[in-house]
Amino acid sequence: EDLNGGGGSAMFFELEIFGRDGWATAHYFALLPSAADGSLLPPPPSGWPVLFFLQGTGEMSHMDWALRFDFFDAEARRDFIIVSPYAPDGKSPVLIEEPSPWGVRVSRFNEDGVMYLLEHAVFSLKHSRGSGFVDESRIYITGYSLGGEAVWNLAGACGRYFAAVSPLACSGHADVICTAQGALNLLHLPLRVFQASAEKPSWKSDRLLQWLGSRLSGSTGPHAQARQVGENFVRVIDYGANRDLWEIELRKPGEEYDPRDWRRNHDVWTTVYSNEQDYRLLAWFKEFRNQSVALVKDLAYDFVLRRPVMPSPCMCFENTCPSQRSGIWCGSADGRCLVGTFPEWQEARPICGCVDEQTLQGNMDLIPRIGDEVLAISGHPLHDACAAKSKASTEPQLTTKILDQKFIEIMASADEGGVRISVKRQFGFSSTCSPFCIETCSECARSGLVGWASGGPTDSSQYCLGCWASWDYSMRQHVGERTVQWSRARGDFTQRVSEWGAVIQCGTCTAVGKCPNSGSQMCTRCDAIRQDWFKREVQLRVSCPGVIGQEFSRLLQLVDQRSRPLTSAAD
């Protein structure tokens with residue numbers, strides 16, 4: 001509906017998304033290009049480009065749409081449809097909350113939910129305003145602070161759908177960027193990053209850009225150039241292949257550093273967005289198109305989930321137990337089986353295996369996303385049975401429990417080939433350009449996989465993305481850390497990751513020459529890791545009553561042991 005009544009240019013949308021806490025409503029604004037009198041401008045022949053705008057946590061709760069878009073120059077706003085999510089009460093399924101020393105706070109965007117919101121916005125505008133109203137080949141994304149982190153992560157997970165991206169005042173997560181999927185998404189994606197020279201080191205993007213420049217651009221090293229841009233001194237670092245970093249000095253000459261002055265140390269967005277004549281960010285966006293992207297409807301596809309190597313630690317079948325939850329299925333009011341959004345769903349072993357395999361084969365569109373309807377598992381239809389049982393019960397979460405139990409039974413009986421899932425996507429972006437596929441990998445001898453030639457003048461070798469990623473220490477490091485996280489979530493603290501990315505088991509580590517305890521008892525290093533893991537004041541990693549009961553039993557044993565009088569030096 002129009003916020004300003006008939007003829008207004010700001011529109012409000014909402015949609016339901018299933019998350020960790022059940023169904024929740026996500027909200028977003030859309031600002032349509034309009035003339036000075038408020039009347040809508042006619043779209044160009046190819047349609048309007050879309051600028052997806054992600055803000056920081058403080059601004060997400062602002063209701064006044066004018067405050068949300070007054071960053072941008074008025075003339076520039078007439079060239080884009082600007083879409084931005086918001087949280088009217090500070091809560092949204094596209095935001096992830098976690099405990100902190102200051103209470104429960106928003107820690108990051110849920111990138112899966114954000115991507116679904118963007119697809120919903122483009123679909124809704126094309127449906128309500130006509131198929132030629134939006135140009136899918138010109139979808140750009142920018143954001144600052146927490147939104148800048150989300151821009152980085154979206155580029156690593158879904159960069160193939162964007163024409164160009166520009167994160168400001170924050171870095172992304174290396175476990176999303178420095179992966180095989182991230183490398184393929186960022187290979188040809190124009191990237192312009194802005195940050196303050198006095199920004200926190202952990203929030204700077206230098207490391208990610210160095211990795212991208214050396215791995216994907218073939219650059220021998222970044223090239224820096226200092227220049228005066230408007231009122232600020234700017235250091236522009238070129239990493240090759242339309243990737244550059246603009247580091248802005250916000251402090252005035254002679255001004256001392258004040259760690260509490262966030263406007264001098266963090267706020268580059270006010271300078272960049274409001275000074276289009278100097279920084280020309282929106283003009284830079286207009287230089288790029290992505291002709292391989294289209295919005296498709298009713299896409300039917302199959303994918304395979306591999307059987308997890310490690311069994312679930314419990315069989316409680318509780319809906320809130322992430323050990324049993326498949327991680328992606330949920331039940332709608334009409335009994336359909338839909339894909340939901342959970343912060344941990346992509347961390348599940350079967351899902352990660354599916355993503356890696358589809359990425360290697362170049363089928364990145366055929367990975368389950370939010371809103372997809374699951375039609376059948378291993379050829380067994382789900383809709384009729386779930387709908388009948390859901391209508392016969394007054395319990396709202398019965399459908400989810402039925403699906404989780406059915407999924408566990410199917411996965412438990414699956415062979416090495418995995419389980420085939422049949423899915424239908426109502427709408428979503430699709431990349432029509434197939435990645436480069438090699439004939440035969442020189443390392444693993446598999447054919448028809450995504451990869452590239454070595455590039456040497458005398459070397460005709462070709463390598464698939466999987467083998468290339470196995471040699472990259474940054475990628476190996478994150479894969480190893482993810483494996484160790486899985487093990488620790490199940491109570492195994494006998495593993496660690498070496499500096500080269502290898503997972504080392506207790507008994508072979510070299511904490512003091514060699515692990516002194518190669519049997520069932522943990523060495524000093526592993527025991528320290530376990531104690532540190534349970535000391536952290538974060539939300540429970542496992543909500544299963546059985547697993548929590550085991551941990552409290554261990555805690556009770558420790559209390560009992562320490563309550564007894566000392567009888568020996570060992571005590």
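Thresholds applied
Residues numbered from 1 in each chain as written. Predicted model: local features only at pLDDT ≥ 70, side-chain atom pairs only at ≥ 80, totals over all residues. Heavy atoms only, no water. Axes fitted to C-alpha atoms, helices over the stretch in contact; angles between N-to-C directions. Helix = DSSP H or I, 4+ residues; strand = E, 2+ residues; numbered from the N terminus. Parallel < 35°, antiparallel > 145°, perpendicular 65-115°, else oblique. Contact = heavy atoms within 4.5 Å. Core = buried A, V, L, I, M, F, W, Y, C linked by side-chain atoms within 4.5 Å. Buried < 20%, exposed > 50% of the residue type's maximum accessible area, 1.4 Å probe, protein only. Salt bridge = Lys/Arg side-chain N within 4 Å of Asp/Glu carboxyl O. pLDDT = per-residue confidence, 0-100. Phe/Tyr/Trp six-rings, centres within 6.5 Å; stacked < 30°, edge-to-face > 60°. Lys NZ or Arg CZ within 6 Å of the ring centre and 35° of its normal. Polar contact = N/O pair within 3.5 Å; in protein donor to acceptor, adjacent residues only side chain to side chain.

(A) Structural detail: the packing of helix α3 (residues 111-129) against helix α4 (residues 146-158). Two numbers describe how α3 lies on α4: the axes approach to 10 Å, and their chain directions differ by 80°. With respect to α4, the element α3 is oriented roughly perpendicular. Touching E111, V114 and M115 of α3 are A150, N153, L154 and C158, all from α4.

(B) Examining the nonpolar core more closely. Among the nonpolar cores identified, the biggest contains 75 residues, and L54, I81, L118, F162 and F429 are the most heavily contacted of them. Among the elements that line this core, the one with the most residues is α3, at nine residues. The contacts of L54, once residues within four sequence positions are left out, are P85, F109, V114, I141, T142, G143, Y144, G147, A150, V151 and L154. In terms of nonpolar packing, the next biggest core, distinct from the first, is built from 33 residues, A164, L168, W246 and L281 among them.

(C) Structural context of the pattern of salt bridges. One pass over the full model with this rule turns up 14 salt bridges. With its nearest N and O atoms 3.4 Å apart, the salt bridge here joins K204 to E247. Remark: E247 occurs in strand β12 (residues 243-249) and K204 occurs in the loop between β9 (191-196) and α7 (206-215); sequence separation between them is 43 residues. A salt bridge links E249 to R251, with the shortest nitrogen-to-oxygen separation between them at 3.3 Å. Among the residues examined, R251 registers a relative accessible area of 24% and is labelled partly exposed. Salt bridges sharing common partners tie together D135, R138 and R289.

(D) Geometry of the confidence of the model for the protein. Per-residue pLDDT for the protein has a mean of 76; in total, 71% of the residues score no lower than 70. Element-level pLDDT for the protein is lowest in helix α13 (residues 383-391), with a mean of 51, against a maximum mean of 96 in strand β8 (residues 164-168). In the predicted structure, residues 1-8 sits below a pLDDT of 50 and forms 17 contacts with residues beyond four places in sequence or in another chain. Contacts for the low-pLDDT stretch residues 537-543, under 50 throughout, to residues beyond four places or in other chains number 18 contacts.

(E) Main features of the packing of aromatic side chains. Overall, the coordinates contain 22 aromatic pairs when judged by the stated rule. When the centroid spacing of 5.0 Å and the interplanar angle of 25° are considered together, the rings of Y140 and F285 count as stacked. Of this pair, Y140 sits in strand β7 (residues 134-144) while F285 sits in helix α11 (residues 281-285), and the two are 145 residues apart along the sequence. Comparing Y140 with F285, the two get one shared label, buried. Across from the ring centre of W203, 4.4 Å away, lies the NZ or CZ of K200, which sits over that ring. One residue, R227, lies across the ring of W246, its end atom 5.4 Å from the ring centre.

(F) Main features of the environment of Q228. By the element assignment, Q228 lies in strand β10 (residues 223-229). For Q228, a relative accessible area of 53% gives the class exposed. Of note is the side chain of Q228, whose polar atom sits 3.4 Å from the backbone oxygen of N232.

(G) Up close: the environment of W262. Tracing the backbone shows W262 in helix α8 (residues 262-265). Residue W262 is classed as partly exposed on the basis of its relative accessible area of 42%. Here the alpha-carbon distance between W262 and A198, two residues 64 residues apart in the chain, equals 9.5 Å. Here W262 is in contact with D267 and W269, once residues within four sequence places are set aside.

(H) Just the side chain of N185, in detail. Within the element layout of this structure, N185 appears in helix α6 (residues 180-186). Within the structure, the side chain of N185 is placed 3.3 Å from the backbone nitrogen of G159, a separation counted as a polar contact. Setting aside anything within four residues of it in sequence, one finds N185 in contact with A155, G156, A157, C158, G159, R160 and M364.

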